[in-house]
Each structure stands twice: as C-alpha cells, then as structure tokens.
Amino acid sequence: MCVLLYIYICICIYIMWNIYNSIVVRYLLKYSKVLSLSSAMKETLKYLTGIAGPSGYGSKTTAHQISLDSLSPSIPPSLLTAIVTGATSGIGAETARVLAKRGVRVVIAAKDLAKAEKVKENIKKENKKAEIIILEIDLSSFASIHRFCDHFLSLGLPLHILINNAGKYSQKLEFSEDKIELTFATNYLGHFLLTEMLIEKMVKTASETGIQGRIVNVSSVIHNWVNPKTFCFTNLLTPKNYNGTQAYAQSKLANILHAKELSRQLKARKANVTINAVHPGIVKTGIIRDYRGFITDSLYFVASKLLKSTSQGAATTCYVALSPQIGGVSGKYFADCNETHCSAMANDVTLAWKLLNQSRALVNKRLLPLPLGTKT
C-alpha cells in the first residue's frame, strides 16, 4: 500500500512539475534578452519542454509524425530506396520501420543477420507490402564494405537515401581487421567508404529521376568534447593514449566534417544530392533496468522523462531524410528537427578538407589494386 502511494505521489509531482515547468520556461524564453540567457540555456529549456523550433518540430516530435507530414503526392514513397546502417536495434530499427511503413524500399545493412531478420519480421507484421532487403556488412572492415557495395549495385536498384546511422562505443582499445582503432573505423571510416562507393549511384539516380538524393550522417552533441590537440589523423587511426569517450566524440566530429566537405564538393559539381549531420538526442535505454530495485526504478521513472523515446530519437534523421522543408539544404547540422550550431572544430573548412583527403588516400591505398567502385 505504501509503495503504491509513493508511486502515486511521484506521478502527481511529475505532472505538476511539467505544468509549472512549461509556464516558467515559456516566460524565460519570452524575456530571454532581458534575462541575458545564453543560447545554450535557451536550447536546453526548449528541449526540456518540447517547444517547437522554426521547422515546427521539437524534441518531442516523433519519427512517425515526420513521415506523415512529409508525404508528397509528387514523389510516391514506393519510388524511393533507402539504405540504413545499424538498423537492427534502437534508432536505426525505428528509422527503417518508419521509412518502410511510409512505403520506402529499405535496405538494412547489418552485421548481425539474425537481428536484421527479426526487424524485418516486425516491420512486415505492420505492413505486409513493405519491401525490406537485408545485406551483410561489417562497417569496421574495408573488404566487407566493398562486398556490400558490389552486392547492392548488382541489384540494379536506384538509391535515393543513405542513412549512416550505425555506431560503436568501445571502452577498451580495440583494432579492426584493417589495424585501425575500432570506434573510428566503424563510426567514421566505414561510413566514409560506404558513401564514397555509393555516391555515384546516388548522383545518377537523382539525375535520372529528378528526385533529390539525401545522405544523413548520424553524429552526436558529444562532438563538442573533442580536444583539438588529439584530433590528428594518425592518432585517430592508432591512438597512443586511449579514452573510449574521446574516441567516440572524435568519430562523431569526423561525421560532421565529412558532411561539411562532401556537401561542398557535391555543390561544386552541381549534383542533386545533399548530405547533412544530425544529433538524435539522448535516448532511453534499458541499461538502468539491469539494476532492479524500488529506488532505482523510481529514479529511472523520473530520469526517463528527460530522455527521448526511440521514436523521438529517430525523428531528426527522418526529418532530414524526408522533409520537403529542407530541400536543397546541405552541409548543415540538425538537432530536434531544426538546424542548429555545431562546434568551432566542426565548422573548420580546412580541417574538413584535410580529413576527407587523408581518408581518401588511406582507403585507396588499402583497397589497391581495387579502386573505388571496381567489381571484384
């Protein structure tokens, strides 16, 4: 009885706090100039209350809502083909589900084929007509990426959307089969090579269909944590002093730099393909649930209200991939379905150019005598 009463009181406090919080936040935002609130503080307040930004969406927007609002009679969803990496769980799986439900042909690029099949089954339960193709890929392996691209290109399908979503966090220093630090190899270099090998297909598809191609690099706000002194290409490949969080942050910064520089190059050649980076937000996970107990459950209940659901986490990815609002927008960084600011390093044009050139030199050297796009 006491437990039920406690939970009831927690819920009541939470509801009352939300109402009070919303009123206070709106007041603070209204008089932000008078109160001299920083832009970071204003963005935090908007996030907590879900107040919509210029796009009409905010932190509480779901991927499903985005997909409904993005329906266009001029571009039937059945015409679109999308590749989604990391679609076997979490945000990636939700992104694939929403795209498929909208009628987009979805190619799930997966390392774990059993998990991919499970995602496919769940999608099919919702939409029997959904077209889901599963192709194997290990994003930490150049050879695997090469095989994946050869396989995909052999299918003769168009490619309108490429979502570089898969992510890896390694607490301990590990190396890929190509002798590259595993987090950087998976999160950045793998997606870089995948994009390099598919970009001509996307440019060709856009030219033939008149439908703009869109590439989405899933990054993170944690890219702000990168120490400029440690962001050196050779150090990223084989770090001397390893820190898991720094390695993850560096890979996410690289994702944004990739989007910035490739966008510039695509614009220069007048290609009808855009590339942007997104921060999905901090999404609810089951980690805390592993520590069962009355206190931890209560704390999880309260803390989870500050985090995004999986559908809310996938919203920004779907917005950048589908929304007609950002047609032609490229080389930008989005969070909560709105364009936002990234770090000074992420905006460094010279750094972005240097990173892409170093990356190209590396993958071309490692793939020799097989140049990019060459059939095995």
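See above for the structure.
Scope of this entry: the structure provided in the associated data block. Keep in mind it's a predicted model, so treat the numbers as computed, not measured. (Residues numbered from 1 in each chain as written. Predicted model: local features only at pLDDT ≥ 70, side-chain atom pairs only at ≥ 80, totals over all residues. Heavy atoms only, no water.)

The buried fraction of strand β3 (residues 132-136) amounts to four of the five residues, a majority that puts the element mostly inside the structure. Sheet topology places strand β2 (residues 105-110) next to β3; five bridges connect them, and they run parallel. Looking across to β3, one finds that Val107 is bridged to Ile133. At this point the chain moves from β2, through helix α6 (residues 113-126), to the parallel β3, and the crossover so formed is right-handed. (Buried < 20%, exposed > 50% of the residue type's maximum accessible area, 1.4 Å probe, protein only. Helix = DSSP H or I, 4+ residues; strand = E, 2+ residues; numbered from the N terminus. Pairing = 2+ DSSP bridges. Right-handed = clockwise from strand over helix to strand, strands pointing away.)

Backbone geometry follows two general trends: most residues other than glycine have a negative phi, and most peptide bonds adopt the trans configuration. A positive phi angle, near 65 degrees, is found at Lys179, a position not held by glycine. Along the chain, the position of Lys179 falls in the loop between β4 (161-164) and α8 (182-209). Accessibility expressed as a relative area gives 59% for Lys179, which makes it exposed. Unlike most non-glycine residues, Lys270 shows phi in positive territory, near 55 degrees. As for its position among the elements, Lys270 is in the loop between α10 (244-268) and β6 (273-279). Take Lys270: its relative accessible area is 74%, and that puts it in the exposed class.

Let us now look at the environment of Glu131. Here Glu131 is to be found in the loop between α6 and β3. On the accessibility criterion, Glu131 (37% relative accessible area) is partly exposed. Separated by 50 residues in sequence, Glu131 and Thr81 have C-alpha atoms that sit 9.6 Å apart. Residues contacting Glu131, with those up to four places away along its chain left out, are Val104, Arg105 and Val106. For Glu131, the side chain forms a polar contact with the side chain of Arg105, separated by 3.0 Å. (Contact = heavy atoms within 4.5 Å. Polar contact = N/O pair within 3.5 Å; in protein donor to acceptor, adjacent residues only side chain to side chain.)

What follows deals with helix α13 (residues 349-367). In this model, α13 (19 residues) spans 27 Å end to end at C-alpha, consistent with the 27 Å of a helix rising 1.5 Å per residue. Within the span of α13, buried status applies to Leu351, Ala352, Leu355, Leu356, Ser359, Leu362, Val363 and Leu367. For α13, the angular spread of the buried residues around the axis is 130 degrees, confining them to a single face. Of the exposed residues in α13, those oriented more than 90 degrees away from the buried face are Val349, Thr350 and Lys365. Those residues of α13 that are buried lie in contact with α7 (142-154), α8, α9 (233-237) and α10. Measuring from the side-chain oxygen of the N-cap residue of α13 to the backbone nitrogen of Thr350 gives 3.1 Å; that N-cap residue is Asp348. (Expected span 1.5 Å × (residues − 1). Arc of directions from axis to C-beta.)

By definition, the strands of a sheet pair up through backbone hydrogen bonds, in either a parallel or an antiparallel sense. Spatially, β3-β2-β1-β4-β5-β6-β7-β8 is the arrangement adopted by the eight strands of the open sheet, whose pairing is mixed. Two strands lie at the open edges of the sheet, namely β3 and β8 (338-339), each paired on one side alone.

By secondary structure assignment, the location of Asp178 is in the loop between β4 and α8. No salt bridge is formed by the buried Asp178. Its closest oppositely charged neighbour is Arg366, at 4.8 Å. Of the polar contacts made by the side chain of Asp178, one reaches the backbone nitrogen of Phe142; its length is 3.0 Å. Asp178 has contacts with Ser140, Ser141, Phe142 and Arg366, leaving out every residue within four places of it along the chain. (Lys, Arg positive; Asp, Glu negative; His and termini not counted. Salt bridge = Lys/Arg side-chain N within 4 Å of Asp/Glu carboxyl O.)

Let us now look at the state of the cysteines. Following the criterion strictly, the structure yields zero disulfides and no others. Counting only cysteine sulfurs, Cys337 is the nearest neighbor of Cys318, a cysteine outside any disulfide, at a range of 8.6 Å. By relative accessible area, which is 1% here, Cys318 ends up buried. (Disulfide = S-S within 2.5 Å.)

So, about the pattern of salt bridges. Counted by the stated rule, this structure contains eight salt bridges. Between Glu126 and Arg97 there is a salt bridge; the shortest N-O distance is 2.9 Å. One end of the pair, Glu126, is in helix α6; the other, Arg97, is in helix α5 (residues 90-102), with 29 residues separating them in the sequence. Residue Glu126 is classed as partly exposed on the basis of its relative accessible area, which comes to 42%. Because the salt bridges share partners, they merge into one network encompassing Glu94, Arg97, Lys101 and Glu126.

So, to be careful, I would describe these as geometric facts and stop short of saying anything about function.
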